[in-house]
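Here is how the chains run, residue by residue.
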Amino acid sequence: MSRIATLTLNPAMDVSTDIARLAPTSKLRCTLPRYEPGGGGINVARVIRNLGGDTVAIYPAGGPFGAMLQRALEELGLPELRVPIAGDTRESFTVDEGETGLQYRFVLPGPTLTPDERQACLEAIAALVPPPDYLVVSGSFPTGVALDFHDEIVALAQRIGARLILDYSGDALRHAVERGGIHLLKPSLSELSGLTGRVLESQVEQEAAARGLVEQGAVEIVVLSLGAEGALLASREGLERFPAFEVPLRSAVGAGDSVVGATVLALSRGWSLHDAVRYGMAAAAATLMLPGTGLCRAEDVERLFRKG
Ligand SMILES: Nc1ncnc2c1ncn2[C@@H]1O[C@H](COP(=O)(O)OP(=O)(O)OP(=O)(O)O)[C@@H](O)[C@H]1O
Ligand SMILES: [Mg+2]
């Protein structure tokens, strides 16, 4: 089985709770909080692990939430490598409003990383034995980390022979696409719109933008996720649309990470691109069915995937 390493530069301890109704000023009584390790790459690793894959999550972490994050990953039995840092790992806060079914997601900035800490992250990946076949880098760049750190990630992936899978947004996404060398990119519609500077309302515009990334040689495979509209796959083999599986929607937290995790796992198992993206759609739907920060369960994913 091939191994998938994930790198999360800005992980978080995800705290989620429920309230009856959000209102200003008055005290809002919350239910007992649930704590789960979070951040793009960590979620991707959890998804891969839930689906029986072989993975390791690499992440810089420090302070009380950093220690809590590591403990939580250990409790999940998820292979992990923590790079100790001087700064304090952040928490992210999700509130589900019972009366409306609405969800509020508060995302705090994380600590910055010193040059030595950044280097230690790369060294942790370089030291993996055997080297991973896939390196997934997902989530935001910590404030103060220059985008050229991404170039070092690309160089490292090339050196160890790992295919690079990216889920970035904003400036990091723009930089990564200019730099190239990406095996698979999973932008959401808003991220791709931000990248192209256009709203991408019509299917034709979405297709042109996704195809453009492949044609310019920056990315081999684009999986553009479209929320309730499913996903659009662009590769040298052409374009294909995937409808979203219809499930009762509880929480969208981790839907995109589920697409990334399941798709990469399927590719690492030698599945066709078509089946891999469909598996990604099934994983996203299985995650949507669960409340809070819960990530897909294998039995739900397999059932949806088989249903077709
Ligand atoms: N409302 C929905 N109904 C059905 N499926 C959905 C819905 N929202 C998300 N999905 C599924 O989850 C996948 C990922 O969702 P989305 O496109 O919102 O990406 P994301 O990475 O979670 O978004 P963002 O990074 O902007 O938060 C979709 O491709 C789809 O399969
Ligand atoms: Mg996303």
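Residues numbered from 1 in each chain as written. Chains lettered and ligands numbered in written order. Predicted model: local features only at pLDDT ≥ 70, side-chain atom pairs only at ≥ 80, totals over all residues. Heavy atoms only, no water.

(A) Summary view of the overall build of the protein chain. Helices and strands together make up the secondary structure of the protein chain, namely ten helices and 13 strands. Relative to the globule expectation of 19 Å for 308 residues, the C-alpha radius of gyration of the protein chain, 19 Å, shows essentially globular dimensions. In terms of its C-alpha atoms, the protein chain occupies a principal-axis envelope of roughly 55 × 45 × 40 Å. Out of the 308 residues in the protein chain, the part that is buried amounts to 55%. Here the contacts in the protein chain between residues at least 6 apart in sequence split such that 64% fall between residues at least 24 apart. When the accessible surface of the protein chain is split by element, carbon and sulfur atoms take 53% of a total near 13,500 Å². Charged side chains in the protein chain number 28 positive and 37 negative. The centres of these two groups are separated by 4 Å. (Helix = DSSP H or I, 4+ residues; strand = E, 2+ residues; numbered from the N terminus. Rg over C-alpha atoms; globule rule 2.2 N^0.38 Å. Buried < 20%, exposed > 50% of the residue type's maximum accessible area, 1.4 Å probe, protein only. Contact = heavy atoms within 4.5 Å. Areas by Shrake-Rupley, 256 points an atom, 1.4 Å probe, with all protein chains shown as cover. Lys, Arg positive; Asp, Glu negative; His and termini not counted. Charge placed at Lys NZ, Arg CZ, Asp CG, Glu CD.)

(B) Structural detail: the sheet that holds strand E7 (residues 103-107). The strand order across the open sheet formed by four strands is E3-E2-E6-E7, and the pairing between neighbours is mixed. Because the sheet does not close on itself, it has two edges, and the strands there are strand E3 (34-38) and E7. Averaged over all pairs of adjacent strands, the angle between strand axes in this sheet comes to 20°, irrespective of strand direction. Where strand E6 (residues 90-97) and E7 come together, five bridges link them in antiparallel fashion. (Pairing = 2+ DSSP bridges. Axes fitted to C-alpha atoms, helices over the stretch in contact; angles between N-to-C directions.)

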